[in-house]
Structures are given as C-alpha cells and as structure tokens.
2 protein chains.
Amino acid sequence: MDRIDTQIVDELQRDARIPLRDLAEVVGVAASTCSERIRRLERRGIITGFHADVDLVALGRPVQALVSTQVRPLSRQFIERFYDDAMAMPEVIAVFVLAGGDDFLLHVGVGDVQQLHSFLVDKLSNRKEVTQFRSSIIFTQGQKRSLENLRSIGMVGEVDRNSGRTTRTSRS
Amino acid sequence: MDRIDTQIVDELQRDARIPLRDLAEVVGVAASTCSERIRRLERRGIITGFHADVDLVALGRPVQALVSTQVRPLSRQFIERFYDDAMAMPEVIAVFVLAGGDDFLLHVGVGDVQQLHSFLVDKLSNRKEVTQFRSSIIFTQGQKRSLENLRSIGMVGEVDRNSGRTTRTSRS
DNA sequence: ATTGAAACGAACGATGG
DNA sequence: CCATCGTTCGTTTCAAT
C-alpha cells in the first residue's frame, strides 16, 4: 500500500471503468504496471470487487428506513441467526451489528409505506427473539462513493517519540 | 425497465467488469444490444456509476461507529449546513437524515478508538447546533452489493381492481 | 519492480439490415 | 434487436533496465 496503490484505489473508487491509460497517466506509471498493480490489489483482498450503483427508485425502493432492533437473548447463536435471516430478506439493504443500546440496525428499502409496515409487523414482530424495535424514515442519504485512505492523509495516530503516547490529532 | 434491463442491472451490480459477451449470453441478447442498453441505463440515471469496493481496514479505518445526532434548531438551513459539513469530514462514510427521534445518523470509520473519541469531542461537541449524540461501535456489518428490483419479484403494491386499495402482500 | 513494444482478443460507436 | 466493421482499449508476454 504505497502512494501508487493508494492513488489507484482512489481513482477506481471514483470510477471503476476509467481507461487504463488515463489511470496510468494520473498515477505516473506505465499502463502495464497499472494493470499488474490492480490485479495484485484484488488478489490481496484490498479491492474487494467492482459494482454498479443503481438508483433505488428505479429498483422499486423509494421508501427507506433505519430500524433499530433489540434481540434477546443476546447469544452468539441468536445474533448470527438473526443476522443471516435479515440479510436474506429482500427489503434489507444493510445490517449493522452494534455494541451498546440497540443490538442491530437494519437499513431497509421498500416500495411504499404499506410494505414498510408489513415488513415491521409481519417479519420483525413475529420473531420471538426481537424484543423491541424503533424505525426512522430516511429523508435523504449521502453515501461516500470514494473513501480516502486515512493513513495517506496523516490521520492515523503515530507514537509520539517523546511522550510515548499515541497522538490523536486530526490534521484534516 | 423491462426484464432485460433488470437482468443487466442485476449482473452489473454483482460484477461491474463482467465481459460484455458473458453478460449478453446470460441476458439472452446480442452483445451490441447489451452495450446499447447499458449506455441507455446510464443516460437515464438508473445506473449512477461504477465503483470499486475497498477493504476498510486497508484504508486505515478498522474502527467503525454509528452516531445518532440531534440538531437544534431543526430548520432547513441548519440541516443542510450540518449535512454538508458532515459529508466533508474525512471520518464520515455516510450521512442519513431521518424523521423521528434523532435527526441524523452518521456512519464513521476511523483508525482507532482515540480518533473516534477525537471526532466526537472535537468535531461534534464543538458545534452549537448539536444538542446531543449517542454512538455505537459496529461489530460487524453486511452491505448488500446487489439489490433486487422489488418490482420484478412482485413486491410492489398493485391497485386491486375490486377494492381500489393497494395490496401490501409481500410474496417473497 | 518497472518499462515499452508487440500481439491477440475484447469493447466501443456507428451503420445498415 | 442484430450483425458487421474499423478503431480503440485491455491484457499478457518478454527483453531490458
């Protein structure tokens, strides 16, 4: 993960279909080197895939919500089972397993509010391990398509040679 | 958005770099038709982009959290300003603007817990419009890379010709 | 490790069927 | 929607650095 890899990853996050020669020019290496670097980043699991982003309205999901869900008992078995089942539901876009207050956060996207109601009542309330949930409609959402490497912009704590403590200054 | 478009979108969500001839074979049309369909889907804004997905640990963000944030006064001006500022912060991965209880949910990813603390204390608490916040560490997270078109699997309510009401049965 | 060149196959954009 | 054509692009190989 040197400067060249970081720059390649940056560009591919922004546009996975950038022509190789343009990418090579931006990064400052030959196209053949670029091609090899990309393959290595994929093999190392740093680049996990290339995906098309789609307008959720076109996918029949104009209504989105976040559903905080409490699951009891909070054992590994129940957590993993609920996680798998939630991910298998077509309404569910993402699942977060959390520490603290609530145990799960479900990001759901559906066609209308009736479907949201049906999801909550028929698919969540029905489950015995779900002890409570609270849902919020999403008005707008911003998802960053390209994330910076925090290490490359000096945001990762480095050990201070004098104090021996880890710095926690954000230099952004 | 017929069956062919839906299938093309499905495949491109799964793998944005699938060879055109393979895609054409799966969908059952000629490669030239496929190419034209993809360009049209992009022009219509249904496909919004092609992005590489990257391992967050490799990006220097092994620690992730969800931060529920309350903003007062809840005027359009303050909402938009906070949204823009949040999206501009390098730690922030996504911002949700919500109806109900809390106003914002911030998805943040940082290098360590010190940075998370610094983010909360230095960048959120400092703001006068932020009246309270609560953060939860993310243990695990599942994000669906390819979403189904709910209309194509019969999950969108259709008007019942007899009752005039919208059906809300999930046939999944 | 990176480079530039060469060679093959695939993709693109346009045209006509 | 399909087939074709010329051009551009991606990938691989290889000798050289």
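Residues numbered from 1 in each chain as written. Chains lettered and ligands numbered in written order. Predicted model: local features only at pLDDT ≥ 70, side-chain atom pairs only at ≥ 80, totals over all residues. Heavy atoms only, no water.

## Structural notes on the protein's contact with DNA strand C
Lining the immediate surroundings of DNA strand C are Val29(A), Ala30(A), Ser32(A), Thr33(A), Arg37(A), Arg40(A), Pro19(B), Leu20(B), Arg21(B), Ser35(B) and Arg39(B). Sugar and phosphate atoms represent 85% of those atoms of DNA strand C found within 4 Å of the protein. In the model, a phosphate oxygen of DNA strand C is placed 2.3 Å from a nitrogen or oxygen of the Arg37(A) side chain. At a separation of 2.5 Å, a phosphate oxygen of DNA strand C approaches a polar backbone atom of Leu20(B). Those elements that place two or more of their residues in the surface near DNA strand C are helix H3 (31–43) of chain A together with helix H2 (20–27) and helix H3 (31–43) of chain B. Residue composition of the surface near DNA strand C, grouped by class: four nonpolar, three polar and four charged. (Near = heavy atom within 4 Å. Polar contact = N/O pair within 3.5 Å; in protein donor to acceptor, adjacent residues only side chain to side chain. Helix = DSSP H or I, 4+ residues; strand = E, 2+ residues; numbered from the N terminus. Nonpolar A, V, L, I, M, F, W, Y, C, P; charged D, E, K, R; others polar.)

## A closer look at the relation of the copies chain B and chain A
For the match of chain B to chain A, the screw axis carries a shift of 0.0 Å, the RMSD comes to 0.1 Å, and the turn is 180 degrees. The symmetry that links the two subunits is that of a two-fold axis. Scanning chain B for the C-alpha nearest the rotation axis identifies His51(B), at a separation of 2.8 Å. Comparing contact sets, 99% of the residues at the interface of chain B also lie at the interface in chain A, consistent with an isologous, same-surface contact. (Least-squares fit on C-alpha atoms with pLDDT ≥ 70 in both. Contact = heavy atoms within 4.5 Å.)

## Digging into the sheet that holds strand S2 (residues 63–71) of chain A
Pairing in this closed barrel of eight strands is antiparallel, and the strands run S2(A)-S4(A)-S3(A)-S5(B)-S2(B)-S4(B)-S3(B)-S5(A) around the ring. In this sheet, neighbouring strand axes are inclined to one another by 35 degrees on average, regardless of whether the strands run parallel or antiparallel. Across seven bridges, the pairing between S2(A) and strand S5 (residues 130–143) of chain A is antiparallel. Note that in S5(A) the partner of Val67(A) across the bridge is Ser135(A). Sheet strands touched by helix H4 (residues 76–88) of chain A: S2, strand S3 (92–98), strand S4 (104–110) and S5 of chain A together with strand S5 (130–143) of chain B. Its angle to S3(A), the strand with the most contacts, is close to 165 degrees. (Pairing = 2+ DSSP bridges. Axes fitted to C-alpha atoms, helices over the stretch in contact; angles between N-to-C directions.)

## Describing the interface of chain B and chain A
The interface of chain B with chain A comprises 76 residues on the first partner and 75 residues on the second. When the two sides are added together, the surface that chain B and chain A hide from each other amounts to roughly 6,700 Å², 55% of it contributed by carbon and sulfur. Interface area lost by chain B to chain A is led by Arg17(B), His51(B) and Lys144(B), which between them contribute 10%. Taken together, the connections running from chain B to chain A amount to zero salt bridges. Those elements that provide at least two residues to the side of chain B that touches chain A are helix H1 (3–14), strand S1 (47–54), helix H4 (76–88), strand S3 (92–98), strand S4 (104–110), helix H5 (113–124) and S5 of chain B. (Buried area = accessible area lost by both parts, 1.4 Å probe. Salt bridge = Lys/Arg side-chain N within 4 Å of Asp/Glu carboxyl O.)

## Here's the deal with the protein's contact with DNA strand D
Around DNA strand D, the neighbouring residues are Ile18(A), Pro19(A), Leu20(A), Arg21(A), Ser35(A), Arg39(A), Ile4(B), Val29(B), Ala30(B), Ser32(B), Thr33(B) and Arg37(B). Between a phosphate oxygen of DNA strand D and a main-chain N or O atom of Ala30(B), the distance comes to 2.7 Å. Of all the secondary structure elements, the ones that give two or more residues to the surface near DNA strand D are helix H2 (20–27) and H3 of chain A together with H3 of chain B. Per-element tally for the surface near DNA strand D: the top contributor is H3(B), with three residues. Residue composition of the surface near DNA strand D, grouped by class: six nonpolar, three polar and three charged.

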